[in-house]
Amino acid sequence: MSLSKSFVRSFSGSASVHRTGYSTVHPVHHLVKVNKPALKPAYQSLLIPKDDIKSVGFKPSEIDQDRVAEHYENVIKSDLLLHNYQHDSAVIKGNKKRSWGEDSPYKLYRNLKKPKGVSRPTKDVHPIRYDNVPEVSSIIIQAYNRDALEESWLNISTRLQLSQITNVKAKQIYAKANILPWRLRRGKPCGGKVELTGRDMSQFISTLTELVLPRIRTFQGIKNTSGDNNGNITFGLDPEDVKGFPEIENFQELFPNLTGMHITFKTNAGTDDRARTLLSSLGFPFYNP
Amino acid sequence: MFKPFTTPVSSRLASSGAVILKNFVRGKRQSNQSASTKKVVNQLSALSASRKQPKLLNLCNEDLIKHKTIVNAWNLFKRKVQQRKHLQLKKQYKSIYNAMEDLKQTSPKLFELANAQQEGKRFPLEMRIPTDYPPTQPWVYNYSPKNKQ
């Protein structure tokens with residue numbers, strides 16, 4: 001309201017004079033969506049965290065020794081710190097997206113230019129210190145089943161195979177692209193995926209290195225060229241190799257349709273070479289292809 | 001909009017009754033699934049979580065307090081172990097740093113050798129994760145690595 005507006009009494013009323021000014025603050029109510037049925041008292045028990053024994057989803061996790069994690073903590077970690085130590089090392093800057101310049105107002109808010117020489121920005125490589133010693137953060141197992149595009153029930157077999165091996169419920173994966181010669185259509189279910197962390201991951205690592213990989217006759221190791229430049233190493237297992245998992249080996253008639261799988265080790269090593277050293281410490285062999 | 005029924009109610013009821021009569025089986029229900037379909041259904045039920053949840057433990061208050069005390073103590077113990085290990089790593093890092101600084105002052109040549117990056121370094125495959133049941137010959141004293149081709 002402007003101050004110059006004089007107070008004029010008229011028969012029409014004083015509402016226009018006393019009306020408050022224009023509010024620039026938008027009302028917040030109705031914009032925040034509240035799922036009211038979820039507030040039902042019957043659902044209160046679902047809000048208890050799952051590590052609480054009163055929760056319906058409580059599952060005791062620490063029921064035995066975690067050999068792999070203990071070995072890593074007690075033996076490998078200090079070795080890796082010593083191995084990766086570099087004196088007077090600094091952060092190696094990654095290739096980042098570039099500004100177009102500031103000499104023109106049109107360049108100010110333009111989307112950043114692609115990094116020099118590469119299609120996508122790369123990450124910084126930090127020197128290894130006591131607080132970022134390389135470790136495996138998770139393992140992702142993905143099984144793409146080509147036959148499941150035709151016979152959709154094979155998705156169930158593939159997911160069950162993964163869950164049986166890893167003790168974690170497998171997620172359904174879907175095709176991302178339309179590729180006609182492969183009969184791929186976007187959104188078609190075509191296999192399963194699992195992400196392992198913690199104890200399941202340790203168990204999977206020891207099963208792989210002690211039972212499965214030593215019994216594959218043609219297995220030479222993980223290729224020294226494998227890796228995505230950020231410290232994540234991948235290798236594959238054939239359907240024949242998958243038979244070596246003890247959970248499947250003893251129930252072969254229940255798993256007639258086995259699928260090969262890609263196993264990716266996600267590490268915080270930063271570079272592939274560090275990640276390979278880390279994996280070799282857990283008992284994975286490497287070879288030059 | 002109001003939509004009138006296409007067929008009178010009485011005749012529709014009669015037709016649905018006929019369907020029920022046709023499917024009625026006395027005694028045990030028999031599924032008409034083939035063996036392969038049953039197998040897939042079994043696989044799906046193994047994958048799904050329904051009816052696999054064990055019964056919720058109903059603890060009395062005293063037991064709950066006992067449980068919580070034990071869990072808290074265990075978590076405290078784990079945290080202390082973790083902190084001790086972190087401190088040890090920090091000490092190791094500092095002593096490596098001091099040693100390298102010292103070496104840099106005394107012998108730059110040796111320092112360069114010590115600070116050279118060892119790419120492609122691998123742990124020996126013979127190193128195994130300890131088990132409760134170690135092999136009969138736990139340590140090979142006259143070990144020599146295999147010759148690389």
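Residues numbered from 1 in each chain as written. Chains lettered and ligands numbered in written order. Predicted model: local features only at pLDDT ≥ 70, side-chain atom pairs only at ≥ 80, totals over all residues. Heavy atoms only, no water.

### Description of the overall build of chain B
The condition that has to hold: Secondary structure elements are taken from DSSP: a helix is a run of H or I of four residues or more, a strand is a run of E of two residues or more, and numbering for both begins at the N terminus. Exposure classes here rest on a 1.4 Å probe applied to the protein chains alone. A residue is buried below 20% of its type maximum, exposed above 50%, and partly exposed in between. Here, Shrake-Rupley sampling with a 1.4 Å probe gives the accessible areas, and only protein chains in the shown set may cover a residue.
Secondary structure assignment for chain B yields 4 helices and 0 strands. Mapped in sequence order, the helices and strands of chain B form the string α-α-α-α. Counting over 149 residues, chain B shows a buried share of 9%. Approximately 14200 Å² of chain B is accessible, and the part contributed by carbon and sulfur atoms is 59%.

### Observations regarding the overall build of chain A
In plain terms, the rule: By definition in these notes, contact holds between two residues if any of their heavy atoms fall within 4.5 Å.
The number of helices and strands found in chain A is 8 helices and 7 strands. Each of the 289 residues in chain A was classed as buried or not, and the buried ones make up 36%. If you take every contact in chain A between residues at least 6 apart in sequence, the share linking residues at least 24 apart comes to 69%. Surface accessibility of chain A: about 19000 Å² in total, with carbon and sulfur atoms responsible for 53%.

### Structural notes on a nonpolar patch on the surface
All names here are of chain A. Condition: Patches here: salt-bridge-free residues with over 30% relative accessible area, like charges joined within 9 Å, nonpolar side chains (Val, Leu, Ile, Met, Phe, Trp, Tyr) joined within 5 Å. Here, a salt bridge means any side-chain nitrogen of Lys or Arg that lies within 4 Å of a carboxyl oxygen of Asp or Glu.
A surface patch of nonpolar side chains, about 430 Å² in accessible area, is lined by Leu-31, Val-32, Val-34 and Leu-39. Along the chain, the position of Leu-39 falls in the loop between helix H1 (15–18) and helix H2 (67–84). Its relative accessible area of 56% is what places Leu-39 among the exposed residues.

### Comments concerning the interface of chain A and chain B
Stated precisely, the cut-off is as follows: Summed over both partners, buried area is the accessible surface (1.4 Å probe) that two parts give up on being assembled. In protein, a polar contact requires one atom able to donate a hydrogen and another able to accept it; more generally it is a pair of N or O atoms within 3.5 Å, and residues adjacent in sequence count only if both atoms are side-chain atoms. Each residue gets one label: Ala, Val, Leu, Ile, Met, Phe, Trp, Tyr, Cys and Pro are nonpolar, Asp, Glu, Lys and Arg are charged, and the others, such as Gly, are polar.
Chain A puts 51 residues into the contact, and the matching count from chain B is 44 residues. In total, chain A and chain B occlude about 4200 Å² of area from one another, counting both sides; carbon and sulfur atoms represent 63% of this. A per-residue breakdown of the area chain A buries against chain B is headed by Ile-53, His-87 and Tyr-130 of chain A, which together make up 18% of the total. At the junction of chain A with chain B, the criterion picks out 2 salt bridges. Between the two partners, chain A and chain B, sit 15 residue pairs in polar contact (both at pLDDT 80 or more). Mapped by element, the contributors of at least two residues to the side of chain A that touches chain B are H2, helix H4 (154–166) and helix H8 (272–281) of chain A. Sorting elements by how many residues they give to the side of chain A that touches chain B places H2 of chain A first, with 13 residues. Residues belonging to the side of chain A that touches chain B are distributed by class as follows: 20 nonpolar, 16 polar and 15 charged.

### Here's the deal with the nonpolar core
Let me state the cut-off plainly: What we call a nonpolar core is a set of buried Ala, Val, Leu, Ile, Met, Phe, Trp, Tyr and Cys residues that are connected through their side-chain atoms within 4.5 Å.
Core analysis: the biggest nonpolar cluster contains 53 residues, and Ile-139, Leu-208, Leu-237, Met-261, Ile-263 and Phe-284 of chain A have the highest contact counts within it. Leaving out residues up to four positions away in the same chain, Phe-284 of chain A has contacts with Ile-205, Leu-208, Thr-209, Leu-213, Ile-222, Phe-265 and Leu-279 of chain A together with Leu-125 of chain B. Among the nonpolar cores identified, the runner-up in size contains 5 residues, and Leu-149, Ile-173, Ala-175 and Leu-184 of chain A belong to it.

### Side note on the domain arrangement of chain A
All names here are of chain A. Selection rule: These domain limits were set by an automatic method or by a database of domain assignments.
Here chain A is partitioned into domain 1 (91–132) and domain 2 (136–287). Averaged C-alpha coordinates put domain 1 and domain 2 at centres separated by 33 Å. Listed as interface residues are 5 residues of domain 1 and, on the opposing side, 4 residues of domain 2. Together, the buried faces of domain 1 and domain 2 total about 350 Å²; carbon and sulfur atoms form 54% of this surface. If you sort the residues of domain 1 by the area they bury against domain 2, Lys-123, Val-125 and Ile-128 come out on top, with a joint share of 76%. Linking domain 1 with domain 2 are 0 salt bridges, by the criterion used here. At the junction of domain 1 and domain 2, the tally comes to 1 residue pair in polar contact (both at pLDDT 80 or more). In terms of residue class, the side of domain 1 that touches domain 2 is built from 3 nonpolar, 1 polar and 1 charged.

### A short note on the packing of aromatic side chains
Two descriptors summarise a pair of aromatic rings, namely the distance from one centre to the other and the angle between the planes of the rings. Stated precisely, the cut-off is as follows: Two rings belonging to Phe, Tyr or Trp (six-membered ring only in the last case) form a pair when the distance between their centres is within 6.5 Å. Interplanar angles under 30 degrees mark stacking, angles over 60 mark edge-to-face geometry, and anything in between is tilted.
Inspection of every chain in the model, using the stated rule, returns 8 aromatic pairs over all chains. Relative to Tyr-93 of chain B, the ring of Tyr-130 of chain A has its centre 5.6 Å away and its plane inclined at 65 degrees; by these criteria the two rings are edge-to-face. Linking Tyr-130 of chain A in the loop between helix H3 (105–108) and strand E1 (136–144) with Tyr-93 of chain B in helix H3 (residues 61–106), this pair reaches from one chain into another. Pair check on accessibility: Tyr-130 of chain A and Tyr-93 of chain B agree, each one buried. On the numbers, 6.1 Å between centres and 10 degrees between planes, the contact of Phe-235 of chain A with Phe-265 of chain A is stacked. Taken as a pair, Phe-235 of chain A in strand E5 (residues 232–237) and Phe-265 of chain A in strand E6 (residues 261–267) lie far apart in primary sequence, 30 residues in all. A connected cluster of aromatic rings, assembled from ring pairs, spans Phe-219, Phe-235, Phe-265 and Phe-284 of chain A.

### Section: the layout of surface pockets
The line we're drawing: Residues are said to line a cavity or pocket when one of their atoms sits within 4 Å of a point; the points come from a 1 Å grid over protein atoms alone, cavities being sets where a 1.4 Å probe fits but cannot get out and pockets being open sets with protein on both sides within 12 Å along at least five of seven lines. Grid points are joined across faces, edges and corners, and a volume is the space filled by probe spheres set on the points.
There is about 1800 Å³ of room inside the largest pocket. Around the largest pocket sit 50 residues that line it, and Phe-58, Lys-59, Pro-60, Ser-61 and Asn-167 of chain A are the ones nearest its centre. The element that contributes the greatest number of residues to the lining of the largest pocket is H3 of chain B, accounting for 8 residues. Taken together, the residues that form the lining of the largest pocket break down as 18 nonpolar, 16 polar and 16 charged.

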